[in-house]
Amino acid sequence: MRCKLCTTPALYAPLRFCGKHFLAYYEKKVRHYFESTHVRNTKVLIAVSGGKDSAALADILVRIQAEFGLEIGLFTINLNIPEYSEKGLEKVRQVAGHVKELAKQEDIPFIIEDLKNYNRIIPDFADNKKPCGPCGTMKRYLLNKAAVEHGYDYLATGHNLDDEFYFAMHNLLHGNIGQLRRSAKILPPKPELKLAGRLKPLSYLTEKENRLYCLLQGIPHDADECPFSVDNPQLAFKEKFAHLPRDEKRNLLKSLRELQQSTEKTETGEEAGQIHPCPHCHYPTTSNAECVFCKIVAGKRKN
Ligand code: Q46
Ligand code: ZN
Ligand code: ZN
């Protein structure tokens, strides 16, 4: 099979592209994200885990940063999961090295947060149940906190089309309308609430496409899964829908986002009323009392 744009053999069958045209397609998608969201001349903190998605994100944002006036920094969290976190951190350091070399810029900030600073590490939550609940809460909280404290307007994550498709379907099937709203491709910063904006520049690119991008660009990344991800319902779901064409996944997401935009006014009003500062740490929460992060750190919530 030949590439649909030249005579070179295609190496990515779903879109029939050779390596060169796949890279051009990938970059075009990410550039389109910034053009359509009008995000320019701003500070963006990139959440990097060492995995393929965030490694690809860091690389592509460096390549387009001058064009869109982005000032980028890298951020990671040491979850202290034996072996997995050490290997992951090593990969994140390699990604940071790759990014600095690519940007020809040694002074790109690289921030590492450690859960030990909060006296709670992920294996503490692994007694009976899976620690993914508190892990997700702590990661979301610390990502936002790092962006706010270090003066970044936005936080960019490597969520891909398969992640977004899973979240959309999961929330539709469970009637989680509030969560569905957060699937917007961009959430603006709300500094008065200590809430950094959210960017998901890879949300129309699949897992496979991010992996291929890393391989073609020689970006270091970790292929290992967290040991707690075994039996993860998200992985089982993704496998179940692996056969679904990428364009159908994309169409579902696009339709939802269009619906969301048409009701944006009402939602923003409702959402703003629901969020208030935690009385303890002053970061935003939808809870009436202290936020879930503060409860976890105080040992009031284990799982
Ligand atoms: S939530 Fe769960 Fe992940 Fe945290 S404990 Fe591991 S699998 S790392 S994306
Ligand atoms: Zn080609
Ligand atoms: Zn709090």
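Anything mentioned here points back to the structure above.
Residues numbered from 1 in each chain as written. Chains lettered and ligands numbered in written order. Predicted model: local features only at pLDDT ≥ 70, side-chain atom pairs only at ≥ 80, totals over all residues. Heavy atoms only, no water.

Asks: Give me the coordination of the zinc ion (ligand 3): which residues, what numbers.
Replies: The coordination sphere of the zinc ion (ligand 3), as far as protein atoms go, consists of C278 (SG), C281 (SG), C291 (SG) and C294 (SG), spread over 2.3 to 2.4 Å. The site at the zinc ion (ligand 3) holds 4 donor atoms, and with the angles between them running 105 to 116 degrees, its shape is tetrahedral. Sequence spacing of the donor residues for the zinc ion (ligand 3), all on one chain, is C-x2-C-x9-C-x2-C. Taken together, the residues span a long stretch of sequence, with C281 in the loop between β7 (276–277) and β8 (284–285) and C294 in helix α11 (residues 292–297) at a distance of 13 residues. Assessed through its relative accessible area of 16%, C281 is described here as buried. Take C294: its relative accessible area is 6%, and that puts it in the buried class. (Donors = N, O, S within 2.8 Å, 3.2 Å for Na, K, Ca; no water. Tetrahedral: all angles 85-135°; square planar, octahedral: opposite > 155°, others 65-115°. Helix = DSSP H or I, 4+ residues; strand = E, 2+ residues; numbered from the N terminus. Buried < 20%, exposed > 50% of the residue type's maximum accessible area, 1.4 Å probe, protein only.)

Asks: Can you break down helix α7 (residues 207–217) residue by residue, with the values?
Replies: Of all the positions in α7, only E209, N210, L212, Y213 and C214 are classed as buried. For α7, the secondary structure elements touched by its buried residues are α1 (19–37), α2 (52–68) and α9 (246–262). (Contact = heavy atoms within 4.5 Å.)

Asks: Tell me what's going on with the sheet that holds strand β6 (residues 197–199), and back it up with residues and numbers.
Replies: Read across the open sheet, the 6 strands follow the order β3-β2-β1-β4-β6-β5; overall the sheet is mixed. Each edge of the sheet is formed by a strand with only one pairing partner; in this case those strands are β3 (110–114) and β5 (186–187). As defined by bridge partners, strand β2 (residues 70–78) adjoins β3 across 5 bridges and the pair is classed as parallel. Pairing of N78 across the sheet is with D114, part of β3. Across the face of the sheet, α2 comes into contact with β1 (42–47), β2 and β4 (154–156) while running at roughly 160 degrees to β2. (Pairing = 2+ DSSP bridges. Axes fitted to C-alpha atoms, helices over the stretch in contact; angles between N-to-C directions.)

Such coordinate-based values are descriptive only and should not be taken to indicate function.
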